[in-house]
Structure formats: structure tokens, C-alpha cells
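# Results of the structural survey
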Amino acid sequence: MLEVSIPEGCVTQLSFSGLACHRTSAGSTPEGSYFETVTVPWSELAMTRTSTCIYHFFVLSWYIFLNFYISQQVKDRRKSEVFLNGGQWKYLTFLNLFLQAIFYGVACLEDVLKRAKGKKDIKLITAFRDLLFTTLAFPISAFVFLSFWILFLYDRELVYPEALDDIFPVWLNHAMHTSTLPFSLAEGILRPHCYPLRRKGLALLAAASLAYVSRVLWIYSETGTWVYPVFAKLSPVGLAAFFSLSYVFSVGIYLFGEKLNHWKWGDTMQPRKKSK
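Because the structure is predicted, anything quoted here is derived from the model rather than measured.

## What to know about the overall build of the protein chain
From N to C terminus, the protein chain includes nine helices and seven strands. Taken across its 276 residues, the protein chain has 47% of its residues classed as buried.

Structure (C-alpha cells):
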């Protein structure tokens, strides 16, 4: 059996692959952080760590390949017309692919450091990994998946005109807009993540949303063209309503991710306020 101390500032009733760990002691540090010791069979812990490490490496390789492949398509004259007036980074889809590559890179780094240093927790890296996943990687991947396919099924010309089928293969469309959500869901199921206090998490999500909307508006002011055709169909009031509803939608996704984490891991990674 293995005793693991987890000082993440979260209430800890940890389970690996469905195996509940039993609390043996609990206490508060002078700083107010919450510590708890749990007992876990070594074989179960090793299997879980190995599977998540392999998963992270596989998904990181996939996202690196996608980002590299797309960067090569930009150099094609026929395809490069799609990226005029803002380049590929004007699209949330490509920003999301880059974000996912960063997240899984951090996750792989944490896996390697844990094994290299023989520690069960690399505090700074783990905290950054959790913050990146909970506030950006999961909400944005789900938002890209849901918003794209909702608009595509309603009227694909609003978001992905049929002419693009002759430029981008079908597999790439699904790689960019479909596979991102299953990967994020799998990440949430394979490993618990410590969510920040809700106010902090939603503030970071709002900042990211505002930054992207500001870029969309700046591109329109500079070029006179909208990033997505759907924006051209809306009045100024309609645009404001669209952006507002999009943020509300992303907040709903964030809360769903929080509930999913709690459903899978119980009180494992619920934020706990520091005692005064």
C-alpha cells in the first residue's frame, strides 16, 4: 500500500480508476492549506499513471501533427486565400488546436517530472495544468465542437462554406471540430483536476472570451470583412446579443465540466477556501 499526501488546497477523497481511497488523517497548515493522507494500492496507482502518461503523449503527438499540417496548408496559394485578413489565428478553431497542444505538452511535462523526481506531485506544474484545463482547454474545446456543429447543421454557409470541401479534406474538418471534445472528456475522466474558485475560473474565461471578440472586431475594422460569415448576417445589436449568448454558453460548459469532475471524482478536487 502507498500513502500519498496531497496539498493542493482541495478537499481530498481521492480515487484512482474507481477505487476509493480511505482517509487516514487530515489537518490544516498554518497557511490554511488543506492536507490529507490517503492510502492507495501501488499497482492501481502505477497503472493509472502509466495509462494517463501514454494518453497524454498520444494526444500531444496528434495535436502537434495537426498544427504542423495546417501550417503547411497556409503556404499553399489556393488555400492561403482562406487565411487572408488576419491569418489562421483569426479562427477560434486554430487557436483551440494550439491551446490543446500547449495543455497536453504541460500534462506530459508533469508526467515526466513525476517519474524523474520520484514525487507524486509537482505543485507548480500541476496547478498550472489544472488551471489551463479547467478554465480554457475544456470549455473552449467543447465550445468549438458545439457551436460549429450547431451552425453547420443549421446552415453550413454561416460557418464553413461548401467551397471549403474542395480545399480541406473531410478528415481534417473532423480533426479540427469533432475530435477535440472526446479528447477533453477523456482527460476529465482519466484524471481529476482541481477547479479554481468559481469566480476566478469564470473571470479567466471571460478575459479569454473578451480578448478573442476584441480581435474579431479589430480585424473587421481594419479589413472590412468578418472572420465568420454568420457575423455579416447580424446587426450591431444582433452581434452584441450573439457574443453575449456565446459567453453564457461557454459559462454553461464550464459549469458542466465542474460537475463532471465532481461526478467522476466525488469531492476529490473541489476548491476549498483557505481558513483565516
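## Notes on the packing of helix H7 (residues 198–223) against helix H9 (residues 236–265)
Look at H7 against H9: their axes get within 11 Å of each other, and the N-to-C directions meet at 145°. Where H7 crosses over H9, the two elements pack in a sense that is right-handed. Residues Arg-198, Gly-201, Leu-202, Leu-205, Ala-206, Ser-209, Val-213 and Leu-217 of H7 touch H9, and the partners they reach there are Phe-243, Tyr-247, Ser-250, Val-251, Tyr-254, Leu-255 and Glu-258. A class-by-class count of the residues in the contact of H7 with H9 yields ten nonpolar, three polar and two charged.

## Side note on a negative patch on the surface
A surface patch of negative charge is lined by Asp-155, Glu-157, Glu-162 and Asp-166. Within the element layout of this structure, Glu-162 appears in the loop between helix H4 (123–155) and helix H5 (170–177). According to the relative accessible area criterion, Glu-162 is exposed, its value standing at 51%.

## Some points on the packing of aromatic side chains
Under the counting rule described, the total for this entry stands at 28 aromatic pairs. Look at Phe-148 and Trp-149: their rings are 4.9 Å apart centre to centre, the planes differ by 85°, and that puts the pair in the edge-to-face class. In this structure an aromatic cluster arises from ring pairing among Tyr-55, Phe-58, Tyr-63, Phe-103, Tyr-104, Phe-133, Phe-138, Phe-183 and Phe-256. The ring centre of Trp-265 lies 5.4 Å from the NZ or CZ of Lys-264, which sits over that ring.

## Comments concerning the UniProt feature "transmembrane region" (unreviewed entry) in the protein chain
UniProt annotation of "transmembrane region" (unreviewed entry) refers to residues 53–71, 91–110, 131–151, 171–190, 202–220 and 240–257 when read in the numbering used here. With 95% helix and 0% strand, the stretch residues 91–110 has end C-alpha atoms that lie 29 Å from each other. The span residues 131–151 is 100% helical and 0% strand by assignment, and the distance between its end C-alpha atoms comes to 29 Å.

## Section: the pattern of salt bridges
Enumeration according to the criterion identifies seven salt bridges in this entry. The residue Glu-110 makes a salt bridge to Arg-191 at a minimum N-O spacing of 2.8 Å. Residue Glu-110 is found in helix H3 (residues 92–117), and its partner Arg-191 is found in the loop between helix H6 (180–190) and H7; the two are separated by 81 residues along the sequence. Here Glu-110 matches Arg-191 in class, with each residue buried. Between Asp-165 and Arg-156 there is a salt bridge; the shortest N-O distance is 3.0 Å. The exposure class assigned to Arg-156 is buried, which follows from its relative accessible area of 18%. Three or more residues joined by partner-sharing salt bridges are found here, namely Glu-110, Asp-111, Lys-114, Arg-129, Asp-130 and Arg-191.

## Re H6
The complete set of buried residues in H6 reads Thr-180, Leu-181, Phe-183, Ser-184, Glu-187 and Gly-188. For H6, the angular spread of the buried residues around the axis is 165°, confining them to a single face.

## Description of the confidence of the model for the protein chain
Should the pLDDT be low somewhere, the predicted coordinates at that spot are not to be read in detail. Considering every residue of the protein chain, the mean pLDDT works out to 80; 76% of them sit at 70 or more. Model confidence for the protein chain, summarised as mean pLDDT per element, is weakest for strand E4 (residues 19–20) at 36 and strongest for H7 at 95. Scored below 50 in pLDDT, residues 1–8 makes 33 contacts in the model with residues more than four places away or belonging to other chains. Between residues 11–44, whose pLDDT stays under 50, and residues either more than four places distant or in other chains, the model counts 90 contacts.

## A few points about the nonpolar core
Membership of the largest hydrophobic core comes to 54 residues, with the highest contact counts inside it found for Tyr-63, Tyr-104, Phe-168, Tyr-228 and Phe-231. Within the residue set of this core, elements represented by two or more residues are helix H1 (42–74), H3, H4, H5, H6, H7, helix H8 (229–232) and H9. In terms of residues, this core owes the most to one element, H4, which gives twelve residues. Those residues within four positions of Phe-168 in sequence are excluded, and the remaining contacts are Val-82, Phe-83 and Tyr-160. Leu-202, Leu-205, Val-251 and Tyr-254 belong to the second largest nonpolar core, which has five residues in total.

Cut-offs used in this document
- Residues numbered from 1 in each chain as written.
- Predicted model: local features only at pLDDT ≥ 70, side-chain atom pairs only at ≥ 80, totals over all residues.
- Heavy atoms only, no water.
- Helix = DSSP H or I, 4+ residues; strand = E, 2+ residues; numbered from the N terminus.
- Buried < 20%, exposed > 50% of the residue type's maximum accessible area, 1.4 Å probe, protein only.
- Axes fitted to C-alpha atoms, helices over the stretch in contact; angles between N-to-C directions.
- Left-handed = near helix turned anticlockwise from the far one by under 90°.
- Contact = heavy atoms within 4.5 Å.
- Nonpolar A, V, L, I, M, F, W, Y, C, P; charged D, E, K, R; others polar.
- Patch = residues over 30% accessible without salt bridge, like charges linked within 9 Å, V, L, I, M, F, W, Y side chains within 5 Å.
- Areas by Shrake-Rupley, 256 points an atom, 1.4 Å probe, with all protein chains shown as cover.
- Salt bridge = Lys/Arg side-chain N within 4 Å of Asp/Glu carboxyl O.
- Lys, Arg positive; Asp, Glu negative; His and termini not counted.
- Charge placed at Lys NZ, Arg CZ, Asp CG, Glu CD.
- Phe/Tyr/Trp six-rings, centres within 6.5 Å; stacked < 30°, edge-to-face > 60°.
- Lys NZ or Arg CZ within 6 Å of the ring centre and 35° of its normal.
- UniProt positions renumbered as here; feature names shortened; annotations may be inferred.
- Arc of directions from axis to C-beta.
- pLDDT = per-residue confidence, 0-100.
- Core = buried A, V, L, I, M, F, W, Y, C linked by side-chain atoms within 4.5 Å.

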